[in-house]
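Below are the chains, spelled out letter by letter.
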Amino acid sequence: MSERSAPESLPVWFDTPVPGPVNMGADEWLAAEALRHGGPVIRVARWSEPTLSLGAFQVRRAVPDALRGLALVRRPSGGGAIVHGTDLTVAIAVPRSHPWGESVQRLYDEVHGALVAVLRGHAIAARLHRDAPVSASGAEEPYLCFDRRSPGDVVVPTPAGTAKILGSAQRRLQAAVVQHGSLLWVANMAVAAPARHAGVAEVARAAGVALASDEIVDAWLAGIAAAARRRLEMQSGCTWDQAGPVITELAGRFRDPAWTERR
Amino acid sequence: MSAPLRFAKSHEWIRPEADGTATVGISKYAVEALTDLVFMQLPKVGTRVEAGQSFGEIESVKAVSDLYAPVSGEVVAVNSTLPDRLDTLGSDPYGEGWIVRIRPDDARAHEGLLDQAAYDALIAANPH
């Protein structure tokens with residue numbers, strides 16, 4: 001825990017861009033930090049290069065052709081693959097004993113509901129998806145996160161129907177939960193069209209609304225803090241300023257080909 | 001008649017068997033909390049497991065969770081058909097939904113876990 005962090009605070013780190021394994025290591029450290037802090041902690045991550053993150057058990061060989069050649073990392077969390085680089089990646093960790101850590105859906109809905117409120121304040125008709133996931137019907141799920149729909153995903157209306165703009169996935173550890181969330185801001189031109197999805201800024205622009213990413217993120221974090229009844233506490237440095245050697249060691253697991261190729 | 005179940009706080013159950021092994025699964029409460037299950041990774045027979053340490057992983061649509069060994073010992077059997085029939089975990093969690101059988105280092109280790117009444121009280125305090 002930061003020396004400045006009070007128990008009623010919600011510490012937030014804005015990290016500088018790093019490779020995928022370091023981001024994964026930092027999120028493992030974040031889980032331990034949530035336990036030390038006794039409540040939610042948040043890390044806003046950035047990526048040093050376009051990176052494909054796979055869900056914990058996605059089959060490596062099944063990576064779509066449009067995505068081959070990208071830097072690759074396997075997450076410890078579930079869900080579908082994400083192309084990072086033009087998204088806003090937000091990780092939140094909470095102790096299992098915290099009300100948000102007790103059920104899978106609760107944490108999902110609290111974090112995603114805060115974004116829905118922000119977007120609605122900007123005249124974007126965002127909502128939480130509530131229909132059953134595709135997998136519940138027995139069909140195989142799409143490989144990419146933003147082609148999937150599960151309850152709690154944030155979707156926005158488009159002329160063609162809806163677009164998913166925020167998805168998350170959790171790793172539920174014995175004493176803490178880490179939730180990785182990806183808010184797709186604009187389409188990632190590093191990938192070919194079949195794997196490219198419109199981001200929320202583009203959907204909003206088509207509806208005549210201009211969104212500023214800093215403003216949306218700040219309001220989203222404030223909304224999460226309000227829902228948690230905690231005071232946002234922006235940390236002055238990166239997570240590795242505070243725990244660099246630990247994060248470097250944790251990142252080693254995610255660099256290991258045995259982890260990346262586990263399935 | 002089967003021995004009564006004991007439960008870990010992490011929601012695994014264990015049932016001592018007459019042959020000295022113990023059957024392990026996860027509770028109905030845990031299955032319901034995980035929601036729609038999509039994948040499960042189990043240990044191999046012969047794997048050494050330690051109480052409180054992960055022996056497998058289970059993925060739902062939104063989350064991956066570890067499975068924790070309620071006692072220390074050696075895995076002597078694995079319900080290898082379970083990953084292809086994950087619905088069994090919900091429909092028969094204490095029967096066909098068993099996950100592994102362990103030969104415990106200490107045949108009485110399960111006695112330190114929660115009995116049914118204590119486990120019921122635990123989950124009553126933490127509804128879904």
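Along each chain, numbering runs from 1 in the same order as the chain's sequence is written. To read the labels, note that chains go from A and ligands from 1, taken in the order they are written. In view of the model being predicted, local features appear only for residues whose pLDDT reaches at least 70, and side-chain atom pairs are presented and counted only at 80 or more, with totals across whole chains, interfaces and linings using the full set of residues. With hydrogens and water stripped out, all remaining heavy atoms of the structure feed into the side-chain values.

### A look at the sheet that holds strand 4 (residues 71-74) of chain A
All names here are of chain A. What counts is decided by this rule: Only strands joined by at least two bridges in the DSSP assignment are considered to pair. In this text, helices come from DSSP runs of H or I with a minimum length of four residues, and strands from runs of E with a minimum of two, each type numbered from the N-terminal end. For helices, the axis comes from a line fit to the C-alpha atoms of the stretch in contact; other axes are also lines fit to C-alpha atoms, and the angle between any two N-to-C directions lies between 0 and 180 degrees.
With mixed pairing, the 3 strands of this open sheet are ordered in space as 4-3-5. In this open sheet, the two strands that pair with only one neighbour each are strand 4 and strand 5 (82-84). Strand-to-strand, the axes of this sheet are offset by a mean angle of 30°, without reference to chain direction. Alignment of strand 3 (residues 51-54) against strand 5, held across 3 bridges, turns out to be antiparallel. Considered in strand 5, the bridge of Ser53 is made with Ile82.

### As for the nonpolar core
The cut-off we apply is this: Buried Ala, Val, Leu, Ile, Met, Phe, Trp, Tyr and Cys residues form a nonpolar core when they are joined through side-chain atoms within 4.5 Å. Using a 1.4 Å probe on the protein chains alone, a residue whose accessible area is under 20% of its type maximum counts as buried, one over 50% counts as exposed, and one in between counts as partly exposed. Residue contacts are defined here by distance: any two heavy atoms, one from each residue, within 4.5 Å place the two residues in contact.
Formed by 40 residues in total, the largest nonpolar core has its most connected members in Ile42, Leu119, Ile165, Leu183, Trp220 and Ile224 of chain A. Residues contacting Ile224 of chain A, with those up to four places away along its chain left out, are Leu10, Ile42, Ile92, Trp100, Val111 and Ala114 of chain A. Of all hydrophobic cores here, the second largest spans 25 residues; its members include Ala22, Val24, Val78 and Ile99 of chain B.

### Focus: the confidence of the model for chain B
Where we set the bar: The predictor reports its confidence for every residue as pLDDT, a score running from 0 up to 100.
Per-residue confidence for chain B gives a mean pLDDT of 93; residues scoring 70 or more make up 98%. Within chain B, the lowest mean pLDDT, 90, falls on helix 1 (residues 28-34) of chain B, and the highest, 98, falls on strand 8 (residues 73-78) of chain B.

### Some remarks on the sheet that holds strand 8 of chain B
Residues and elements named next belong to chain B. With antiparallel pairing, the 6 strands of this open sheet are ordered in space as 1-2-3-9-8-5. Each end of this open sheet is capped by a strand with a single partner; those strands are strand 1 (6-7) and strand 5 (48-49). Relative to strand 3 (residues 22-26), strand 2 (residues 12-16) runs antiparallel, the two being bridged by 5 bridges. When the sheet's bridge partners are listed, Arg15 is paired in strand 3 with Thr23.

### With respect to the pattern of salt bridges
Cut-off, in case you're wondering: One speaks of a salt bridge when a side-chain nitrogen belonging to Lys or Arg is within 4 Å of a carboxyl oxygen belonging to Asp or Glu.
Scanning the entire structure with this criterion turns up 19 salt bridges over all chains. Put simply, Asp15 of chain A and Arg43 of chain A hold a salt bridge, and the shortest N to O gap is 2.7 Å. On the criterion of sequence distance, the pair formed by Asp15 of chain A in the loop between strand 1 (9-14) and helix 1 (20-37) and Arg43 of chain A in strand 2 (residues 41-45) is long-range, its members being 28 residues apart. Assigned by exposure class, Asp15 of chain A and Arg43 of chain A land together as buried. Linked through salt bridges whose partners overlap, the residues forming this network are Arg171 and Arg262 of chain A together with Glu57 and Asp66 of chain B.

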